[in-house]
Amino acid sequence: MEGTPSPLLLAGDSMRAWNPAGSLLAEENGSVRLSAAGDRIAWGGMKMLDSPIDVWSPGGLSLAGKRLPGRIRISARNGGIRVVAVVPLEVYVSAVLSREAPPTFHPEALSALAVAVRTYTVLAIATPRDPDYDVVAGVEDQVFEGVENVGAGFRAAAEATRGEVLHYQGGLARTVYHSTCGGRTESAGAVWGNDVAYLRSVPCDDCRDSPAWRWEYRMGRAEGVRVALALGVRAGDDLGIEIAGRTPTGRASQVRLLSGSVAREAKAAMFRRAAGYAAVKSLWMEIVPVGGGWRLTGNGYGHGAGMCQWGGNGMAKKGSGYKEILARYYLRTRLAFLPGGPGPFAGGAGGTP
Ligand SMILES: [Zn+2]
């Protein structure tokens with residue numbers, strides 16, 4: 001809940017507030033109004049507390065009517081209040097799994113994904129973008145929509161791999177993943193511009209069962225004009241869209257937009273973003289003008305780097321274990337255990353994706 005305007009109504013039975021050192025600062029039963037006074041927190045209009053504080057209630061908390069799991073951390077900055085949920089790492093891992101994979105996936109495929117999610121999350125904690133916000137909830141990082149209603153298969157996958165992370169040369173690996181590669185994964189260098197030794201392109205046809213193994217999308221003329229405008233080209237009825245460059249795996253790297261005397265190239269990733277990730281499922285595609293619009297046909301779903309989730313599932317169905325799956329997509333990495341086991345950490349509390 002970034003940038004939540006104060007004051008906020010926090011409700012719960014026998015609420016207790018501590019500072020990070022563990023000293024009890026305040027107690028309240030029922031509800032309390034919180035507001036920020038500069039960088040301090042006004043608790044019920046009576047007490048001023050140094051930011052941040054941790055609050056917990058045995059029966060759970062609700063904030064502005066929304067239920068929050070477990071403990072929360074509240075911080076104040078420049079007159080605004082920020083709240084993040086503090087959930088145990090393994091609970092967070094199973095919750096992310098439940099949003100990113102179908103429950104029908106093989107247990108070994110879910111275990112492989114659990115290790116990838118945990119590693120990615122612990123790396124994000126080690127290199128936070130914001131000291132109050134360990135993992136941004138939403139598509140920028142991993143999807144997190146609370147810890148309720150997490151299926152048994154997802155919890156079992158987190159439990160089966162509890163504390164396991166992937167290392168490359170002794171440090172945490174950046175374990176990116178995607179839905180379906182469509183035949184060959186993409187290198188990190190081709191997606192983000194920086195080569196990563198363990199994120200190279202590997203062949204994969206184990207994702208054939210994915211609904212996005214092959215896809216087609218019909219883009220109408222008006223939609224094409226709108227996408228072109230988003231990329232800085234004010235086009236007329238003569239708009240042309242074509243692929244202007246490809247990566248070594250065959251994915252589009254550049255698209256060209258043509259209208260009148262204008263011809264502009266744009267990054268293919270920007271084109272996909274403007275058109276919508278669910279419409280243009282990957283950059284491994286062809287664009288053909290047809291009937292006033294365009295027919296896009298492609299392979300796979302997602303950026304293509306790192307683990308192919310549907311490929312992992314295909315491997316698991318043929319008998320591979322999660323370690324084999326991880327070794328295939330994250331080259332020359334090694335499994336390791338987190339030192340001291342997983343502890344609680346602050347994860348994003350129900351932000352908007
Ligand atoms: Zn694949």
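Quick note: structure is the one above.
So, here's what we can say about the structure. Along each chain, numbering runs from 1 in the same order as the chain's sequence is written. Confidence filtering applies because this is a predicted model: local features only for residues at pLDDT of at least 70, side-chain atom pairs given and counted only at 80 or more, and all residues used for totals across whole chains, interfaces and linings. Hydrogens and waters are ignored; side-chain quantities use all the structure's heavy atoms.

### Brief notes about the pattern of salt bridges
When a carboxyl oxygen of Asp or Glu is within 4 Å of a side-chain nitrogen of Lys or Arg, the pair counts as a salt bridge. Applying the stated criterion across every chain, the model contains eleven salt bridges. A salt bridge links Glu 27 to Arg 16; its shortest N-O distance comes to 3.3 Å. A residue pair is termed long-range when its members are at least 10 positions apart, and Glu 27 in strand S2 (residues 24-37) and Arg 16 in strand S1 (residues 8-18) qualify at eleven residues. To sort residues, take the accessible area from a 1.4 Å probe on protein chains only and compare it with the maximum for the residue type: under 20% means buried, over 50% means exposed, and anything in between is partly exposed. A residue is classified by how much of its surface remains accessible, and Glu 27, at 46% relative accessible area, is partly exposed. According to the relative accessible area criterion, Arg 16 is partly exposed, its value standing at 36%. The shortest N-O distance in the salt bridge between Glu 90 and Arg 118 comes to 2.8 Å. With Glu 90 in helix H1 (residues 89-100) and Arg 118 in helix H2 (residues 107-126), this pair connects stretches of sequence that are 28 residues apart. One continuous salt-bridge network, built from bridges that share partners, spans Asp 206, Lys 318 and Arg 328. Secondary structure elements are taken from DSSP: a helix is a run of H or I of four residues or more, a strand is a run of E of two residues or more, and numbering for both begins at the N terminus.

### So, the coordination of the zinc ion
Surrounding the zinc ion are the protein donor atoms Cys 181 (SG), Cys 204 (SG), Cys 207 (SG) and Cys 308 (SG), at 2.3 to 2.4 Å. For the zinc ion, the four donor atoms in the first shell make angles of 103 to 117° at the metal, so the coordination geometry reads as tetrahedral. Metal coordination here is assigned from N, O and S atoms located within 2.8 Å of the ion, or within 3.2 Å for Na, K and Ca; omission of water means that sites may look incomplete. Between 85 and 135 degrees for all angles marks four donors as tetrahedral; over 155 degrees for opposite donors together with 65 to 115 for all other angles marks four donors as square planar and six as octahedral; every other arrangement is irregular.

### With respect to the pairing of strand S8 (residues 71-77)
Two strands make a pair as long as DSSP finds a minimum of two bridges between them. With three bridges connecting them, strand S5 (residues 53-56) and S8 associate as antiparallel partners. Looking at S8, one finds that Ile 53 is bridged to Ile 74. As judged from the seven bridges shared by S8 and strand S9 (residues 80-88), these two strands associate in the antiparallel manner. Bridged to Ile 72 within S9 is Ala 85. Following S8, the chain reverses through two residues before pairing antiparallel with S9; Asn 78 in that reversal takes a positive phi of roughly 50°.

### Examining the sheet that holds strand S11 (residues 171-172)
Read across the sheet, three strands follow the order S11-S10-S20 without closing on themselves; strand pairing throughout is antiparallel. The strands lining the two open edges of the sheet, one partner per strand, are S11 and strand S20 (334-337). Alignment of strand S10 (residues 164-168) against S11, held across two bridges, turns out to be antiparallel. Looking across to S11, one finds that Tyr 168 is bridged to Gly 171. In what follows, a contact means two residues having at least one pair of non-hydrogen atoms within 4.5 Å. Axes here mean lines fitted to C-alpha atoms, for a helix over just the part in contact, with angles spanning 0 to 180 degrees between N-to-C directions. Contacts from H2 reach S10, S11 and S20 within the one sheet, and its direction differs from that of S10 by about 70°.

### What to know about helix H3 (residues 152-160)
Phe 154, Ala 157 and Ala 158 are the residues of H3 that are buried. Axial view of H3: buried residues confined to an arc of 95°, hence all on one face. What points out from H3, more than 90 degrees from its buried face, is the exposed set Ala 152 and Ala 160. Of the surrounding secondary structure, the elements contacted by the buried residues of H3 are H1 and H2. Picture the helix axis, draw a direction to every C-beta atom, and the arc is the one those directions span.

### A closer look at unusual backbone geometry
The peptide bond linking Ser 51 to Pro 52 adopts the cis configuration, its omega dihedral lying at 0°. By the secondary structure assignment, Pro 52 is in the loop between strand S4 (47-50) and S5. In this model, Arg 332 sits at a positive phi of 55°, which is unusual for a non-glycine residue. Note on placement: Arg 332 falls in the loop between helix H8 (322-329) and S20.

### Observations regarding the side chain of Thr 119
If you trace the backbone, Thr 119 turns up in helix H2. Judged by its relative accessible area of 0%, Thr 119 falls in the buried class.

### Observations regarding the sheet that holds strand S14 (residues 240-246)
What the three strands build is an open sheet, ordered S14-S15-S16; its pairing is antiparallel. Looking at the sheet topology across the chains shown, the edges are occupied by S14 and strand S16 (262-267). This sheet shows a mean twist of 25° between the axes of neighbouring strands, independent of strand direction. As defined by bridge partners, S14 adjoins strand S15 (residues 252-259) across six bridges and the pair is classed as antiparallel. Across the sheet, the residue bridging to Gly 245 is Gln 254, located in S15.

### Quick word on the nonpolar core
Core analysis: the largest hydrophobic core is formed by 51 residues, its most contacted members being Tyr 177, Met 307, Leu 326, Tyr 329 and Tyr 330. Mapped onto this core, the elements with two or more residues apiece are S9, H1, H2, H3, S10, strand S19 (307-308), helix H7 (309-317) and H8. When residues in this core are grouped by element, the largest group, ten residues, is from H2. Ignoring any residue separated from it by four or fewer positions in sequence, one finds Leu 326 in contact with Ala 112, Val 115, Leu 166, Met 307, Thr 333 and Leu 335. For our purposes a nonpolar core is just a set of buried Ala, Val, Leu, Ile, Met, Phe, Trp, Tyr and Cys residues, chained together by side-chain atoms within 4.5 Å.

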